[in-house]
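Fold and geometry: a report
Given next are the chains, with one letter for each unit.
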Amino acid sequence: MPWWSSSPAPGPKSVQAEVVAVIPKSSPAEAPVPPPPPGPVVPAVPERFGAVERLSVTELQQLQANVSAMDDLILEESKVKDLLQQLKAVRQDGRSVADAIMDREPKLQEAAADYEGKREAL
């Protein structure tokens, strides 16, 4: 009925309902954080650099001015050498996984084409 009418408009029919359970609304912030994957962790930054501590002020200034000399000094550290070996091993493992995936690609393409042919036959 229009708003100017004096007779009341019929209201919606009431429906009886029973609440069975209330599920709390979860937000992404409340989701538990999964643990980090197993494997190597980033090493801590050393507090002291013996090779640098033995240098004179002049040598330190020259080292600071020459980036390649600083890189050479850093790459001579045994911990850095170990990390570079680990990096090389990880990259080699990744390459092996990628090669294995690429070796499976032709077989996957063949299976997909076979599937499409059979699907169209139906």
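Refer to the preceding data block for the structure.
Thresholds applied
Residues numbered from 1 in each chain as written. Predicted model: local features only at pLDDT ≥ 70, side-chain atom pairs only at ≥ 80, totals over all residues. Heavy atoms only, no water. Patch = residues over 30% accessible without salt bridge, like charges linked within 9 Å, V, L, I, M, F, W, Y side chains within 5 Å. Areas by Shrake-Rupley, 256 points an atom, 1.4 Å probe, with all protein chains shown as cover. Salt bridge = Lys/Arg side-chain N within 4 Å of Asp/Glu carboxyl O. Helix = DSSP H or I, 4+ residues; strand = E, 2+ residues; numbered from the N terminus. Buried < 20%, exposed > 50% of the residue type's maximum accessible area, 1.4 Å probe, protein only.

1. Regarding a nonpolar patch on the surface
- On the surface, a cluster of nonpolar side chains totalling about 240 Å² of accessible area is made up of Leu 75, Leu 84 and Leu 87.
- Mapped onto the secondary structure, Leu 84 falls in helix H4 (residues 78-121).

2. A short note on the pattern of salt bridges
- As enumerated under the stated definition, the model contains four salt bridges in all.
- The closest approach of N and O atoms between Asp 99 and Arg 95, which form a salt bridge, is 3.1 Å. Taken as a pair, Asp 99 and Arg 95 lie in helix H4 at a separation of four residues, close to a single helical turn.
- The class for Asp 99 is partly exposed, based on a relative accessible area of 35%.
- Of the charged contacts, one joins Lys 118 and Asp 114 as a salt bridge, the two residues approaching to 3.5 Å between their closest N and O atoms.

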